[in-house]
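Chain and residue survey
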Amino acid sequence: MSSKVLENFLKEHLEDLKGKGLYNVIDPLESANGPMIKIAGKELINLSSNNYLGLATDQRLIDAAIEATKKYGAGSGAVRTINGTLDIHVKLEEKLAEFKHTEAAIVYQSGFNCNMGAISAVMDKDDAILSDELNHASIIDGCRLSKAKIIRYKHSDMEDLRNKAKEAKESGLYKKIMVITDGVFSMDGDIAKLPEIVEIAEEFDLITYVDDAHGSGVLGNGAGTVKHFGLSDKIDFQIGTLSKAIGVVGGYVAGKKDLIDWLKVRSRPFLFSTSLPPAAVAACIEAIDILLNSTELQDRLWDNGNYLKRGLKALGFDIGESQTPITPCIIGDEIKTQEFSKRLYEEGVYAKAIVFPTVPRGTGRVRNMPTAAHTKEMLDRALSIYEKVGKELGVI
Ligand SMILES: *Cc1c(COP(=O)(O)O)cnc(C)c1O
């Protein structure tokens, strides 16, 4: 017999969400998550994936995954610390350290897991964490798990950060203080002000933690936001994901050897959750090799991003202040934003509406993620659909 308490709880809350139009229905893809996707038999131009470089469908990665599966099998068989560390896990970590210009790196099963493990391996209830108010959910949860005091500062507001860092330091209440930020903020495409953050960190003796999920593979010749600013030796924790630009799945921390050694004995997802499967590891190695040897894919990504931005701007859309290929198209009103995205879908463009509470009220937007794999023809077609729907709904 199932629990009545649970049944009532679920019924009430699901109905509430559905009534408010906040219940998210998921559309399964009937194709790979490439530049074109198929949903319910319909071909769509895909402007919603994080597959920035098109590597998720790159033949070289697919071949590497198949070869590794043949050699090592479908699964890795254990957690890293028992006997689930394959030689290719070690090789991937060496590659990542090279890629990030750090002494060492540690790989996790996802970027989310990485934030769960890494923050609480170092921070505890006697410490404080200064956290940008727009940080990713996994950073917020990772901070909570650590039991450190969480002090939020206004988004990329360096005066607020400085004041709060000073106050925390001078209070004498905390043994360690960390500042933690996304490298690239995924809703607006803006870049964290890392040079100022490093300056403040040096002044108040802060540990620095940058989660560069959306910057790796995109900025700094691929190495990410930290490299983009030339700060590779000034940031203690460089977090990345292998699930976005790298096109596979996984997460990592890159940093000094002692830090990585500590994480290998103290971070719980590394100790208590089975390691990445061989296919994923081998595909990631292949991807990093591609990025170490050429900037062709990044160049194409930026070229496509700039092309889409220019086109939308010329049509009269508000595309915000993005500094990266992430291209929000700000509509404003929540209902109109949803309608806009729905009409794009009907016309053949898959671009998600992002509204309150994910972004502030009245700043609803359709977010576009162009990739290196899009052709100019696809982008032109998307732009002409944007023009049609924009005029129809009175946005332009
Ligand atoms: C997407 C994202 C993650 C999660 O990465 P996964 O590898 O998908 O788990 C973590 N941090 C930030 C900032 C992200 O944008």
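Each chain carries its own residue numbering, running from 1 in the written order of its sequence. Under the rules for a predicted model, residues below a pLDDT of 70 receive no local features and side-chain atom pairs below 80 are neither given nor counted, while totals for whole chains, interfaces and linings still include all residues. Water and hydrogen atoms play no part in the side-chain values, which are based on all heavy atoms of the structure.

Inclusion rule: UniProt positions are given in the numbering used here, feature names are shortened, and annotations may be inferred rather than shown by experiment.
Where an unreviewed UniProt entry is consulted, the chain appears under the name 2-amino-3-ketobutyrate CoA ligase, with the organism given as Collibacillus ludicampi. Of the chain, the UniProt comment under Sequence similarities (unreviewed entry) reads exactly: "Belongs to the class-II pyridoxal-phosphate-dependent aminotransferase family." Check the Cofactor (unreviewed entry) section of the UniProt entry for the chain; it says "pyridoxal 5'-phosphate".

1. What about the sheet that holds strand 10 (residues 327-332)?
Note the following rule: In this description, strands pair whenever DSSP reports at least two bridges between them. Note on conventions: DSSP H or I runs of at least 4 residues are helices, E runs of at least 2 residues are strands, and numbering of each starts at the N terminus. Every axis corresponds to a line fitted to the C-alpha atoms, with the helix fit spanning only the stretch in contact, and the corresponding angles, defined between N-to-C directions, vary from 0 to 180 degrees. In this description, contact between two residues means that some pair of their heavy atoms is separated by no more than 4.5 Å.
Strand order across the open sheet formed by 3 strands is 10-13-12, with antiparallel pairing between neighbours. Each end of this open sheet is capped by a strand with a single partner; those strands are strand 10 and strand 12 (352-354). Averaged over all adjacent pairs, the angle separating strand axes in this sheet is 30°, with direction ignored. Most of the contacts of helix 12 (residues 296-315) go to strand 10, to which it runs at about 25°, and overall it touches strand 10 and strand 13 (364-368).

2. So, the packing of helix 4 (residues 111-122) against helix 9 (residues 257-266)
Rules: Comment on the angle field: the value is read as roughly parallel under 35 degrees, roughly antiparallel over 145, roughly perpendicular from 65 to 115, and oblique elsewhere. Three classes are used, and their members are as follows: Ala, Val, Leu, Ile, Met, Phe, Trp, Tyr, Cys and Pro are nonpolar, Asp, Glu, Lys and Arg are charged, and the others, Gly among them, are polar.
Here helix 4 crosses helix 9 at 105°, and the two axes come no closer than 10 Å. Classified by the interaxial angle, the pair formed by helix 4 and helix 9 is roughly perpendicular. Of the residues in helix 9, those in contact with A118, A121 and V122 of helix 4 are L259, W262, L263 and R266. In terms of residue class, the contact of helix 4 with helix 9 is made up of 6 nonpolar, no polar and 1 charged.

3. Here we look at the environment of K164
How we decide: Burial classification: accessible surface area is computed with a 1.4 Å probe over protein chains only, and a residue below 20% of its type maximum counts as buried, one above 50% as exposed, and the rest as partly exposed.
Tracing the sequence through the fold places K164 in helix 6 (residues 158-171). Judged by its relative accessible area of 25%, K164 falls in the partly exposed class. As a C-alpha pair, K164 and L130 span 34 residues in sequence and 7.7 Å in three-dimensional space. Not counting the four nearest positions on each side in its chain, K164 is found in contact with L130, I151, R152 and Y153.

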